[in-house]
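The chain contents come next:
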Amino acid sequence: GHLNGCRVALALTGKGNQSAAVLTERATAEFAPAAVIFVGVAGALQSHLGLGDVVVATHVYAYHGATSQDDGLTSRPRTWELSHRVHQIAAHLERTGDWVRQLPGGSPPPRVHFGPVAAGEIVHYSAVSDARQWLREHYSDAVAVEMEAAGVAQAGHLNDALPTIMVRGISDYADESKSAADDAGWQLRAAANAAAFATDLAAALAAELDEGRGPSSR
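Residues numbered from 1 in each chain as written. Predicted model: local features only at pLDDT ≥ 70, side-chain atom pairs only at ≥ 80, totals over all residues. Heavy atoms only, no water.

Some thoughts on the side chain of Ser171
Basically, it comes down to this: Numbering of helices and strands runs from the N terminus; a helix is a DSSP stretch of H or I covering at least four residues, while a strand is a stretch of E covering at least two. Per-residue accessibility, obtained with a 1.4 Å probe over protein chains only, is compared with the maximum for each type, and a residue is labelled buried under 20%, exposed over 50%, and partly exposed between these values. In what follows, residue pairs with any heavy atoms lying within 4.5 Å of each other are defined as contacts.
Relative to the helices and strands, Ser171 resides in strand β10 (residues 164-172). For Ser171, a relative accessible area of 1% translates into the label buried. Once you skip the residues sitting within four places of it in the chain, Ser171 turns out to touch Val41, Ala42, Leu51, Ala181, Asp182, Trp186, Gln187 and Ala190.

What follows is the structure in C-alpha cells.
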C-alpha cells in the first residue's frame, strides 16, 4: 500500500526476537525495502517516561547474552546502533511536533524519547525481580524493555546494514502495575502513538532516501 506518499509493506511479527528476526528477513527478501521501521509497545525502565510516550531506540541491547561462571553471570550483550542520519531525521520530527496532529485531542500530547532499548525474551511484571536487577546492573541507561527489537536489528544488520528503526509506545512500567495498565487500554493507546510517529518518520525517510539517490540513478 501507500502511506503519506511512500510505498509500504506491513507485517505482523508476534512476540519474541526469533520470530521477529525471521519475519523481518522474509519481508526484506520479498520487498527489498529502503528501510525497516518496527512499531509496537514497550515497558518503561526510567521514571521520566510516561504512559503513551514514544521511544525511538538509539541502541538495541540483546540483554540475555551472558556467560555463567562460579561467581555468577557475566553480561555479554549484542548491541546495534541507530544510524546517525536516521537519528537526525527522527529528532527533527520530534522537534517540529507535527506528527501529533494525527492523534485525537483532549489530552497532553505524548513526548518522544531517544535512548537505548533492551530486548529479551521475558515479560516483566516486577520491579524487584532478578531479571529487573540484571537490567539495572548491566543496562542502566536503557529507557525501555521489550521482546522483539534485537531480532529485527540483527536481520537489518545482516542485510547490508539496512536502516532499521525501533519505534515503541510506552504501555506500562514493566512492574507489578503492568496488568492494571493493560486493563486500562494503554497497549492500544501506546501502539497508536508509536504508529503516528512512525507514519511521519516513514514519509520523511522516503523523501530523504529518494533525494539522496540523485538524478543520475532515477
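Digging into the packing of helix α1 (residues 17-31) against helix α4 (residues 149-158)
This is how it is decided: Every angle, taken between N-to-C directions, lies between 0 and 180 degrees, and every axis is a line fitted to C-alpha atoms, over only the stretch in contact when it is a helix. The crossing is said to be left-handed when, going from far helix to near helix, the turn is anticlockwise and less than a right angle, and right-handed when the turn is clockwise.
Interaxial distance between α1 and α4 falls to 7 Å at its minimum, and their mutual angle equals 30 degrees. Crossing geometry of α1 relative to α4 is assigned as right-handed. Here α1 contributes Asn17, Ala20, Ala21, Thr24 and Glu25 to the contact with α4, which in turn contributes Ala149, Ala150, Gly151, Val152 and Ala155.

A few points about the confidence of the model for the chain
Formally: Looking at any residue, its pLDDT shows the predictor's confidence there, from 0 to 100.
Per-residue pLDDT for the chain averages 91, and the proportion of residues at 70 or more is 95%. Contacts from residues 214-218, a stretch scored under 50 in pLDDT, to residues over four places away or in other chains number 2 contacts.

Looking at unusual backbone geometry
Not every positive phi belongs to a glycine, and Asp160 is a case in point at roughly 55 degrees. On the secondary structure map, Asp160 appears in the loop between α4 and β10. One non-glycine residue, Ala174, adopts positive backbone phi at about 50 degrees. Positionally, Ala174 belongs in the loop between β10 and α5 (178-183). Note on Ala174: relative accessible area 2%, which makes it buried.

A look at the nonpolar core
The cut-off we apply is this: By convention a nonpolar core is built from buried Ala, Val, Leu, Ile, Met, Phe, Trp, Tyr and Cys residues, the set being connected through side-chain atoms within 4.5 Å.
Formed by 22 residues in total, the largest nonpolar core has its most connected members in Val60 and Met166. If you list the elements that add at least two residues to this core, you get β3 (36-44), β4 (54-62), β8 (112-119), α4 and β10. Val60 has contacts with Arg78, Thr79, Trp80, Val117, Ala119, Ala149, Ala150, Ala153 and Met166, leaving out every residue within four places of it along the chain. Counting 17 residues, the second largest nonpolar core, distinct from the first, contains Ile89, Leu93, Ala196 and Leu205.

A few points about the pairing of strand β5 (residues 66-69)
What counts, and what does not: Two strands make a pair as long as DSSP finds a minimum of two bridges between them.
Of the pairings in the sheet, the one linking β5 to strand β6 (residues 72-75) comprises 4 bridges and is antiparallel in character. Its bridge partner being in β6, Ser68 is matched across the sheet by Leu73. Counting the residues that bridge the hairpin from β5 to β6 gives 2 residues.

Thoughts on the pairing of β3
Inspection of the sheet shows β3 paired to β10 by 8 bridges, in the parallel sense. From the neighbouring strand, Gly40 faces β10, where its bridge partner is Arg168. Strand direction decides the pairing type here: β3 and strand β9 (residues 144-146), joined by 2 bridges, are antiparallel. Note on β9: the bridge partner recorded for Ala44 is Ala144.

Here we look at the packing of aromatic side chains
Test applied: Each pair of aromatic rings taken from Phe, Tyr and Trp, with Trp reduced to its six-membered ring, is defined by centres within 6.5 Å and is described as stacked if the planes are under 30 degrees apart, edge-to-face if over 60, and tilted in the remaining cases. Whether a charge sits over a ring comes down to the Lys NZ or Arg CZ being within 6 Å of the ring centre and within 35 degrees of the ring normal.
Under the counting rule described, the total for this entry stands at 3 aromatic pairs. When the ring of Tyr61 is compared with that of Tyr139, the centres are 5.2 Å apart and the planes differ by 45 degrees; the resulting orientation is tilted. One end of the pair, Tyr61, is in strand β4; the other, Tyr139, is in the loop between α3 (130-138) and β9, with 78 residues separating them in the sequence. Ring centres 5.4 Å apart and planes at 85 degrees place the aromatic pair Trp99 and Phe197 in the edge-to-face group. Of the two residues, Trp99 is situated in the loop between α2 (84-96) and β8 and Phe197 in helix α6 (residues 186-213); the sequence distance between them amounts to 98 residues. Ring pairing ties together the aromatic residues Tyr61, Tyr63 and Tyr139, which thus form one cluster. Here Arg189 stacks its cationic end above the ring of Trp186, 3.7 Å away from the centre of that ring.

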